[in-house]
Amino acid sequence: MNKILKEKLIEALTSVLPITLIVLLLSVTIAPMPIGTMAMFLFGAVMLVIGMAFFQLGTDVSMTPMGEGIGAQLPRTKNLFVIVLITFVIGVLITIAEPDLQVLAEQVPSIPNAMLIWTVAIGVGLFFVVAVLRTVFKIRLSVLLIVFYLVVLALSFFVPNEFVPVAFDSGGVTTGPITVPFIMALGVGLASIRGDRDAQDDSFGLVALCSIGPILAVLLLGIFYRDGDPHYTPVSVPEVDTTRQLAGLFVEGLPDYIHEVLTALIPIIVFCALFQLIFRRFHKIEMQKIGIGFVYTFAGLAIFLTGVNVGFMPAGHYLGQQLADSAHSWILFPLGVVIGFFLVIAEPAVHVLNRQVETITNGGISQRAMMLSLSIGVACSVGLAMMRVLTGISIYWMVIPGYAAALVLTIFVPKMFTGIAFDSGGVASGPMTTTFLLPFAMGACEALGGNVLTDAFGVVAMVAMTPLLTIQVLGLIYKHKQTEPDEDAQALPDEDEIIVLEEDETNG
């Protein structure tokens, strides 16, 4: 276990180091940062590395096997009502547990936190049911995606402008570090029971459908809810003059996030315990390992959230504000591209997805290829989000062409890549996006005098959109390669006989 933890620490350090170096470079060049704010950021980065390592170890040991076990057990009940009920409850519980949603709810004015969280949770629960039934009844993913996204786009025209970016952001934040490992593992479990040639393709796509539910739910809330005051309150960055004050901020914040994570995980643990009592799916030793895994998950997530909220969020807001206030505010666009490229590497759920893809495809789709495609996609999306902040362009000019192109691509790419691409869009927009990139955009928007609700919100949605395009383009490239003879080609075990070219290590 110590060896695995060491590997996770190295992996986490490699993920967080690039964005840390970018912030340090900016702080000593074009955007000077107070010593106290920089110290908060660096201390947060250390906590980020430790928290991410423990969290990833915990999900490997607890969330993944539990999700696979539930997924494999559900179809065996042969009772559609039981399947629907259990799936809905799981969807609601893991969404309420999602820390990204809590962070977003705190930053959204006009809607009470509890109302937004429960609206999103019910949306995820309903579409989790749709996702599971799709896998059970072998419904083509691309058909459901086209239908539901057309409904989303049509409905959005009847909603006040302030609600539209928040609705699309809600779809991104719900698929974060707690939701993704559980949902993806459950998809693998469901597919393993079927055992047909399409099962591997259908193991992906659950995250994609679960991302649509919150968008629809918040759009409907925007139509019927009129009691809120859509007034944005500017963020205040705490001033830190001494190391005692610095330590005090983190010490004061840690109990709040411990309570938040406990509140989130306890319902999931209780549900898993009831599942085990009823179905006796796991042996005693397996349950002990899962229990230890939940402890690691709890500790890692509490440390991670403290680091990103106390250290990263103020630094992101201050940095965006300073860059926008400078004489070179145009630099937000190229800088957003660079930040986006490296920021996605620090998302915990991205590593979970990449490992899952590499395992399912027997190494046919490498973690390296997935990460490069995601980084390119998120780099483009953050650049476009910064353009919105600078110009005030409506989010419709971005999401309508983007989703239209993504949905058209689903007709031409292999089915597996469609599921992977839309899952990737969900996992790319996690805690780092919510706690660093969104405050960064909000700080820049405040400094430029823009409308934060319409111009800054929506950055999470942009991050969730572009991977749909880059991963599917990757699928088209691999599909084209299958027509070319190559001794290093490796065929994936599915009906489309996708051939993925592995990198020639002898030439590397």
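Refer to the structure presented above.
I will try to describe carefully the structure that is included in this document. All of these numbers come straight from a predicted model, not from anything done at the bench.

This next bit is on the overall build of the protein chain. Helix and strand counts for the protein chain come out as 20 helices and 2 strands. For the protein chain, buried positions account for 59% of its 508 residues. For the protein chain, long-range pairs separated by at least 24 residues make up 85% of all intrachain contacts whose partners lie at least 6 apart in sequence.

Turning our eyes to something else, we now look at the packing of helix α6 (residues 141–156) against helix α16 (residues 396–409). The interhelical angle for the contact between α6 and α16, taken along N-to-C directions, is 165 degrees, at an axis separation of 11 Å. Judged by the inter-axis angle, α6 sits roughly antiparallel to α16. The crossing of α6 and α16 is left-handed. Each of Leu145, Ile146, Tyr149, Leu153 and Ser156 in α6 lies in contact with α16, whose residues at this interface are Tyr396, Ile400, Tyr403 and Leu407. The residue inventory of the contact of α6 with α16, partitioned by class, reads 8 nonpolar, 1 polar and no charged.

The next point concerns the packing of helix α1 (residues 2–27) against helix α13 (residues 332–343). Put simply, α1 and α13 touch, their axes get as near as 8 Å, and they point 155 degrees apart. The angle between α1 and α13 falls in the class roughly antiparallel. In this structure, α1 uses Ser15, Pro18, Ile19, Ile22 and Leu26 to contact α13, whose residues at the interface are Leu335, Val338, Ile339, Phe342 and Leu343. Tallied by class, the residues present in the contact of α1 with α13 amount to 9 nonpolar, 1 polar and no charged.

Glancing now at the pattern of salt bridges. Per the stated rule, a full pass over the model turns up 2 salt bridges. Linking Asp60 and Lys8 is a salt bridge whose minimum nitrogen-to-oxygen distance equals 2.8 Å. In this pair, Asp60 is assigned in helix α2 (residues 35–73) and Lys8 in helix α1, connecting sequence segments 52 residues apart. With a closest N to O distance of 3.3 Å, Arg355 and Asp60 form a salt bridge. Linking Arg355 in helix α14 (residues 348–360) with Asp60 in helix α2, this pair joins segments that are 295 residues apart in sequence. Looking at Asp60, the relative accessible area reads 32%, which means it is partly exposed. Each of the salt bridges in this network shares a partner with another, and the network as a whole consists of Lys8, Asp60 and Arg355.

All right, on to the environment of Phe304 then. Among the structural elements, Phe304 can be located in helix α12 (residues 284–325). Accessibility expressed as a relative area gives 1% for Phe304, which makes it buried. Each C-alpha atom, one on Phe304 and one on Phe54, is 9.2 Å from the other, the two residues being 250 residues apart in sequence.

Attention shifts here to unusual backbone geometry. Where the residue is not glycine, phi is negative for most of them; where a peptide bond is considered, it is trans in most cases. Even without being a glycine, Lys138 presents a positive backbone phi close to 60 degrees. Of note, Lys138 is situated in the loop between α5 (113–137) and α6. You will see that Arg280, though not glycine, has its phi angle at about 50 degrees, which is positive. Assignment of secondary structure puts Arg280 in the loop between α11 (243–279) and α12.

Analysis parameters
Residues numbered from 1 in each chain as written. Predicted model: local features only at pLDDT ≥ 70, side-chain atom pairs only at ≥ 80, totals over all residues. Heavy atoms only, no water. Helix = DSSP H or I, 4+ residues; strand = E, 2+ residues; numbered from the N terminus. Buried < 20%, exposed > 50% of the residue type's maximum accessible area, 1.4 Å probe, protein only. Contact = heavy atoms within 4.5 Å. Axes fitted to C-alpha atoms, helices over the stretch in contact; angles between N-to-C directions. Parallel < 35°, antiparallel > 145°, perpendicular 65-115°, else oblique. Left-handed = near helix turned anticlockwise from the far one by under 90°. Nonpolar A, V, L, I, M, F, W, Y, C, P; charged D, E, K, R; others polar. Salt bridge = Lys/Arg side-chain N within 4 Å of Asp/Glu carboxyl O.

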